[in-house]
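Coordinates in review
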Amino acid sequence: MFYIENLRLKGLRNYRNQELQFNPRLNVICGENAQGKTNLLEAIYYLSVTRSFRTKNDQELANREDGFFYLKGKFIKNGFNHEVQVSYIPKSPLKVKINSDPVNRYAHLQKFPVVVFSPDDLLLISEGPSIRRRFLNLEASRLSSIYFDELRSYQRVLQQRNHLLKSLYNRNRRQADELLEPWDKSLVMLGSRIIHSRLELIMDLAEEAKIFFQHMTSFTENISLFYESSIDYRESPEETGDAFYMALQEKRDLEIKRGSTVLGPHLDDLRIFIDGFDTRKYSSQGQKRTAALALKMAEVSLFKKEHEDYPIILLDDVFSEFDQGRKMHLLEFLKKSSGQCFISTAGDTGELIESLNRDYKIISIWQGRVCDEKSGPGN
Ligand SMILES: Nc1ncnc2c1ncn2[C@@H]1O[C@H](COP(=O)(O)OP(=O)(O)OP(=O)(O)O)[C@@H](O)[C@H]1O
Ligand SMILES: [Mg+2]
């Protein structure tokens, strides 16, 4: 079993100083609008992933008056305690400690799996490709540290190659080829491995998302996922590498003219279709939301397979967005998953507690403070 037992927040958004104890199964975070429900879920996510699901800018998370934030929480995994501390001070690197030992910011990405679904996840469907690439990169990194390392190396090579391309404008073609050759090789090797890791991830995600989506739509609709690549990818990374290399040679003049790399996984996309139609163009709000939720719940299933434990599931204000049928199917899914779950709501908690039928804690939030707590058993 994997869960978070307690959390201390200092200077995190509207929390000045608060300590919380959680139920290992179900925690319902309730309160009026703008009191701190999402902020609390964000803090749990941040402690696990060392980044927010709302912003790339850590400064936004620091309380406007305090200017810094500090989080401490105890994760329990297979009976062992892992105390994680994170402290942010402007303009210095984020400090992360596990059981008092300083660790690299991203070193524990795989250790404490948390999956969040929030209203902003609609953007995963409706925005441009970069948000879906980020999703793929984060998920693949959390499932494999090799992917994370290869992605970082790819990004470094890409940056240096672009820098070189910009300086080649007045050189002749032979000189340019000579200078670019080692960068082409690295880009191709890392890039094709990234593409194949993503293909594998998408295949696994698609299978799980399909099952979830069918249930959510009472078997009336189907979701499918495809990888759209700027490279004509093949069966193996080596073959894809050859195709990538050839394509780069063909684009040489264009790349030098533009001063940037015009092919590679940094430009690819995850395409999402419902019954064969592109969700970005044709889907209703509810379909988009269901598709985004299916991706996230597919992640839950993949984590379960990988870690043999459910991840912590954070659902921010989800139930107000779906019709009754979809709501019931989501509750069924949650009931089957035996992991720890946090659900935030500005509405009624009674139906949730009754439907999920497990030990629970209701935590009421008011102006960045816990103002009431209530625990109870499932039937
Ligand atoms: N850096 C910050 N410093 C201080 N307050 C902040 C900071 N960032 C956000 N807040 C405030 O935190 C409050 C609570 O935000 P939060 O998003 O958690 O609300 P919520 O309870 O989820 O509300 P809703 O039901 O509307 O989603 C807001 O009033 C917001 O202005
Ligand atoms: Mg909120």
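Being a predicted model, the structure only gives us computed values, none of them experimental. (Residues numbered from 1 in each chain as written. Chains lettered and ligands numbered in written order. Predicted model: local features only at pLDDT ≥ 70, side-chain atom pairs only at ≥ 80, totals over all residues. Heavy atoms only, no water.)

Before going further, it helps to spend a moment on the overall build of the chain. Looking only at helices and strands, one finds 11 helices and 15 strands in the chain. In terms of overall dimensions, the chain has C-alpha extents of about 75 × 50 × 35 Å along its principal axes. Residues counted as buried form 54% of the 379 residues belonging to the chain. The contacts of the chain with a sequence gap of at least 6 include a subset with a gap of at least 24, amounting to 68%. (Helix = DSSP H or I, 4+ residues; strand = E, 2+ residues; numbered from the N terminus. Buried < 20%, exposed > 50% of the residue type's maximum accessible area, 1.4 Å probe, protein only. Contact = heavy atoms within 4.5 Å.)

Attention now goes to the packing of aromatic side chains. Any pair of aromatic rings gets described here by the distance separating the centres and the angle formed by the planes. On inspection of all chains with the given rule, the structure shows 12 aromatic pairs. Residues Phe-2 and Phe-112 carry aromatic rings whose centres are separated by 6.3 Å and whose planes lie at 15° to one another, so their mutual orientation is stacked. Placement of Phe-2 in strand E1 (residues 2-12) and of Phe-112 in the loop between strand E7 (101-103) and strand E8 (114-117) is noted, with a sequence separation of 110 residues between them. By relative accessible area, which is 2% here, Phe-2 ends up buried. Its relative accessible area of 0% is what places Phe-112 among the buried residues. Judged by centre distance (5.5 Å) and plane angle (75°), the rings of Phe-226 and Phe-273 are edge-to-face. Of the two residues, Phe-226 sits in strand E9 (residues 223-228) while Phe-273 sits in strand E10 (residues 269-274), which places them 47 residues apart along the sequence. Assessed through its relative accessible area of 16%, Phe-273 is described here as buried. Taking NZ or CZ as reference, Lys-77 lies 5.9 Å from the ring centre of Phe-2, over its face. (Phe/Tyr/Trp six-rings, centres within 6.5 Å; stacked < 30°, edge-to-face > 60°. Lys NZ or Arg CZ within 6 Å of the ring centre and 35° of its normal.)

In the neighbourhood of ligand 1, 15 residues make up the surrounding shell, with Asn-33, Ala-34, Lys-37, Thr-38 and Arg-54 lying closest. Measuring from an oxygen atom of ligand 1, one finds a backbone N or O atom of Gly-36 at 2.9 Å. Take Ala-62: an N or O atom from its main chain is 2.9 Å from a nitrogen atom of ligand 1. Grouping the constituent residues of the shell around ligand 1 by class yields 2 nonpolar, 7 polar and 6 charged. (Near = heavy atom within 4 Å. Polar contact = N/O pair within 3.5 Å; in protein donor to acceptor, adjacent residues only side chain to side chain. Nonpolar A, V, L, I, M, F, W, Y, C, P; charged D, E, K, R; others polar.)

One open sheet holds the 6 strands; their spatial order is E2-E1-E4-E5-E6-E7, and the pairing between them is antiparallel. Single-partner strands in this sheet number two, and they are strand E2 (15-21) and E7. Across the sheet, the mean angle separating the axes of adjacent strands is 20° when strand polarity is ignored. The pairing of strand E4 (residues 69-77) with strand E5 (residues 80-88) spans 9 bridges and is antiparallel. Directly across from Phe-75, in E5, lies its bridge partner His-82. (Pairing = 2+ DSSP bridges. Axes fitted to C-alpha atoms, helices over the stretch in contact; angles between N-to-C directions.)

Here the focus is the pattern of salt bridges. Throughout the structure, instances matching the rule amount to 26 salt bridges. Residues Lys-74 and Glu-5 are paired through a salt bridge, measuring 3.2 Å at the closest nitrogen-oxygen approach. Separated by 69 residues along the polypeptide, Lys-74 in strand E4 and Glu-5 in strand E1 bring together distant segments of the chain. A salt bridge links Glu-228 to Arg-271; the shortest N-O distance between them is 2.4 Å. Of this pair, Glu-228 sits in strand E9 while Arg-271 sits in strand E10, placing them 43 residues apart in sequence. Assessed through its relative accessible area of 37%, Glu-228 is described here as partly exposed. Here Arg-271 falls in the partly exposed class, since its relative accessible area comes to 21%. Each of Arg-161, Arg-173, Asp-177, Asp-184, Arg-252, Asp-253 and Glu-255 takes part in a single network of salt bridges with overlapping partners. (Salt bridge = Lys/Arg side-chain N within 4 Å of Asp/Glu carboxyl O.)

This part covers the pairing of E10. On a regular strand, each side chain points to the face opposite its neighbour's, so the side chains alternate between the two faces of the sheet. Across the 6 residues of E10, 5 count as buried, placing the element largely inside the fold. Pairing analysis gives 6 bridges linking E9 to E10, with the strands arranged antiparallel. The residue of E10 that forms the bridge with Ser-224 is Phe-273. Pairing of E10 with strand E11 (residues 277-278) involves 2 bridges; the strand directions are antiparallel. The residue of E11 that forms the bridge with Ile-274 is Phe-277. Hairpin connection from E10 to E11: 2 residues lie between these consecutive antiparallel strands, with Asp-275 at a positive phi of about 45°.

The analysis is restricted to geometry; functional conclusions fall outside its scope.
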